[in-house]
Amino acid sequence: MAKRIGFIGAGNMATAIYSGILSHHLSDANDIFVSALHWDTLQEKARKFGFTAVKNNEEVIHNSDLVFLAVKPQYLAGVLEPLQPLIRREQAFISIVAGWTNDKLKQALGSNGRVLRVMPNTPLLVGQGMSCLCTEHDLTCEEFTYVQNVFEALGQVVMLEEKLIAAFSGLAGSGPAYVYMFIEAMADAGVKLGLPRALSYQLAAQTCLGSAEMVLKTGEHPGALKDAVCSPAGTTIEAVFALEQGGFRGTVIDAIDRCTKRFEQL
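Given the structure is predicted, the values throughout are model-derived calculations rather than measurements.

Draft legend 1. Structural detail: the pattern of salt bridges. For the structure on display, the rule yields 11 salt bridges. Residues arginine 114 and glutamate 143 are paired through a salt bridge, measuring 2.8 Å at the closest nitrogen-oxygen approach. Here the residue arginine 114 occupies a position in the loop between helix H5 (102-109) and strand E6 (115-119), and glutamate 143 occupies one in helix H6 (residues 141-152), the gap between them amounting to 29 residues. Like glutamate 143, arginine 114 is buried. Note that glutamate 161 and lysine 163 form a salt bridge whose closest N and O atoms lie 3.9 Å from each other.

Right, here's the structure in full:
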């Protein structure tokens with residue numbers, strides 16, 4: 001697919017996406033155009049990755065067939081308003097902006113705006129992302145396949161109806177923060193018991209990584225994998241009992257539920 005790719009915004013997520021595009025040879029660097037708020041930083045990235053840095057969003061629209069919208073939600077309306085008269089029907093927009101529904105995006109883009117919503121999470125930065133692509137979109141099959149290939153190059157991808165994107169965000173979008181807290185708590189316990197801090201983080205992180213791989217690769221129910229570690233009257237069941245006494249499962253469920261409801265309010 002010989003398409004010119006544009007990015008409005010060059011933060012961590014945008015950087016991960018165009019880095020993935022280039023490393024997997026999905027487009028040439030000469031066909032990528034990026035605008036961002038901080039010109040000096042953008043030029044440094046352009047020298048590193050080889051894309052074309054442009055000084056304003058209008059140049060991105062002028063030069064691109066597919067445009068990734070990667071700015072903070074509160075700024076997107078101001079970004080899109082002056083661009084609306086420039087948007088061509090043959091262009092497609094891929095939004096990773098939280099809280100902006102299809103209807104809201106199309107209203108801001110105008111009658112020519114064609115949109116696909118994508119919600120990735122931050123492990124995208126290390127090629128282990130979990131992204132969802134909205135099934136309600138008006139991209140061509142070729143365009144959609146290209147975007148799907150981009151995010152599959154950076155992790156795993158699922159297709160979801162728009163009504164489920166908030167739940168995805170509550171679980172997978174914000175999920176890394178919960179996991180980081182768990183890793184930190186495990187490491188704190190290791191330090192309390194005399195293990196060096198750096199070693200404790202290594203042990204906790206690798207344990208979480210390995211456990212996740214067990215779930216994904218064996219296909220076993222997480223409960224069955226947990227049971228396999230818990231010997232009768234053993235040490236692990238004592239730890240599991242302590243977690244249950246602290247309301248571990250209910251707290252996790254409540255956290256994701258509250259995160260999802262907040263997402264829906266954006």
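Draft legend 2. Quick look at the nonpolar core. Counting residues in hydrophobic clusters, the biggest one holds 42 residues, and the most contacted among them are Phe7, Ile17, Ile21, Val147 and Phe151. Residues contacting phenylalanine 151, with those up to four places away along its chain left out, are Ile17, Phe68, Ile96, Val118, Pro120, Leu124, Ser131 and Val157.

Draft legend 3. Up close: unusual backbone geometry. In this structure, histidine 25 is a non-glycine residue whose phi angle is positive, near 55°. Relative to the helices and strands, histidine 25 resides in the loop between helix H1 (12-23) and strand E2 (32-35). By relative accessible area, which is 71% here, histidine 25 ends up exposed. Positive phi outside glycine occurs at alanine 233, with the angle close to 55°. Among the secondary structure elements, alanine 233 is positioned in the loop between helix H10 (222-229) and helix H11 (235-245). For alanine 233, a relative accessible area of 83% puts it in the exposed group.

Draft legend 4. Molecular detail of the packing of helix H7 (residues 165-173) against helix H12 (residues 248-265). Across the interface, H7 lies against H12 with an axial gap of 8 Å and an inter-helix angle of 135°. Between H7 and H12, the angle falls in the class oblique. Here H7 and H12 pass one another in a crossing that is right-handed. Across the interface between the two elements, Ile165, Ala166, Ala167, Ser169, Gly170 and Leu171 of H7 pack against Ile256, Cys259, Thr260, Phe263 and Glu264 of H12. Of the residues that constitute the contact of H7 with H12, the class distribution is seven nonpolar, three polar and one charged.

Draft legend 5. Inspection of the sheet that holds strand E7 (residues 129-134) at higher detail. Strand order in the open sheet formed by eight strands is E3-E2-E1-E4-E5-E6-E7-E8, with mixed pairing between adjacent strands. What marks the edges here is a single partner per strand, and that holds for strand E3 (52-53) and strand E8 (155-160). Strand direction decides the pairing type here: strand E5 (residues 92-95) and E6, joined by three bridges, are parallel. Looking across to E6, one finds that serine 95 is bridged to arginine 117. Sitting on the sheet, H1 touches strand E1 (5-8), E2 and strand E4 (66-69), and the angle it makes with E1 is about 165°.

Draft legend 6. Region of interest: the pairing of E4. Covered by surrounding structure in E4 are Leu66 and Phe68 together with Val67 and Leu69, the residues of both alternating faces. As defined by bridge partners, E1 adjoins E4 across four bridges and the pair is classed as parallel. Across the sheet, glycine 6 pairs through a bridge with valine 67, a residue of E4. As paired elements, E4 and E5 share four bridges and run parallel to each other. Counterpart to leucine 66 in the pairing with E5 is alanine 92. A crossover connection joins E4 to the parallel E5 through helix H4 (residues 73-80); in handedness this β-α-β unit is right-handed.

Draft legend 7. How the structure looks around the side chain of serine 131. By the secondary structure assignment, serine 131 is in strand E7. The buried category is assigned to serine 131, whose relative accessible area is 0%. Those residues in contact with serine 131 that lie beyond four places of it in its chain are Val118, Met119, Pro120, Leu124, Phe151, Gln156, Val157, Val158 and Phe168.

Draft legend 8. Representation of the environment of phenylalanine 248 within the structure. Of note, phenylalanine 248 is situated in helix H12. Residues phenylalanine 248 and alanine 153 lie 95 residues apart in sequence; the distance between their C-alpha atoms is 34 Å. Sequence-distant contacts of phenylalanine 248, that is, excluding residues within four places in its chain, are made with Phe182 and Leu243.

Quick notes on the rules
As a convention, each chain's residues are numbered from 1 in the sequence order in which they are written. The predicted nature of this model means local features are confined to residues of pLDDT at least 70 and side-chain atom pairs, given and counted, to a pLDDT of 80 or more, with totals for whole chains, interfaces and linings taken over all residues. Side-chain calculation: all heavy atoms of the structure are included, whereas hydrogens and water are not. Counted as salt bridges are all cases of a side-chain nitrogen of Lys or Arg within 4 Å of a carboxyl oxygen of Asp or Glu. Starting at the N terminus, helices and strands are each numbered in turn, a helix being any DSSP run of H or I of at least four residues and a strand any DSSP run of E of at least two. For every residue, the accessible area (1.4 Å probe, protein chains only) is compared with the maximum for its type, and the residue is labelled buried under 20%, exposed over 50%, or partly exposed between those bounds. The term nonpolar core refers to a set of buried residues drawn from Ala, Val, Leu, Ile, Met, Phe, Trp, Tyr and Cys, joined through side-chain atoms within 4.5 Å. Contacts are residue-level and defined by heavy atoms, with any inter-residue pair within 4.5 Å sufficient. For helices, the fitted line uses only the C-alpha atoms of the stretch in contact; every axis is such a line through C-alpha atoms, and the angle between N-to-C directions lies from 0 to 180 degrees. To sort the angles, those under 35 degrees are grouped as roughly parallel, those over 145 as roughly antiparallel, those from 65 to 115 as roughly perpendicular, and the leftovers as oblique. Take the far helix as the reference: if the near one is turned anticlockwise from it by less than a right angle, the crossing is left-handed, and if turned clockwise, right-handed. Under the scheme applied here, ten amino acids are nonpolar (Ala, Val, Leu, Ile, Met, Phe, Trp, Tyr, Cys and Pro), four are charged (Asp, Glu, Lys and Arg), and all others, including Gly, are polar. One requirement defines pairing of two strands: DSSP has to find at least two bridges between them. The crossover handedness rule: strands pointing away from the viewer, path from first strand over the helix to second strand clockwise, crossover right-handed.

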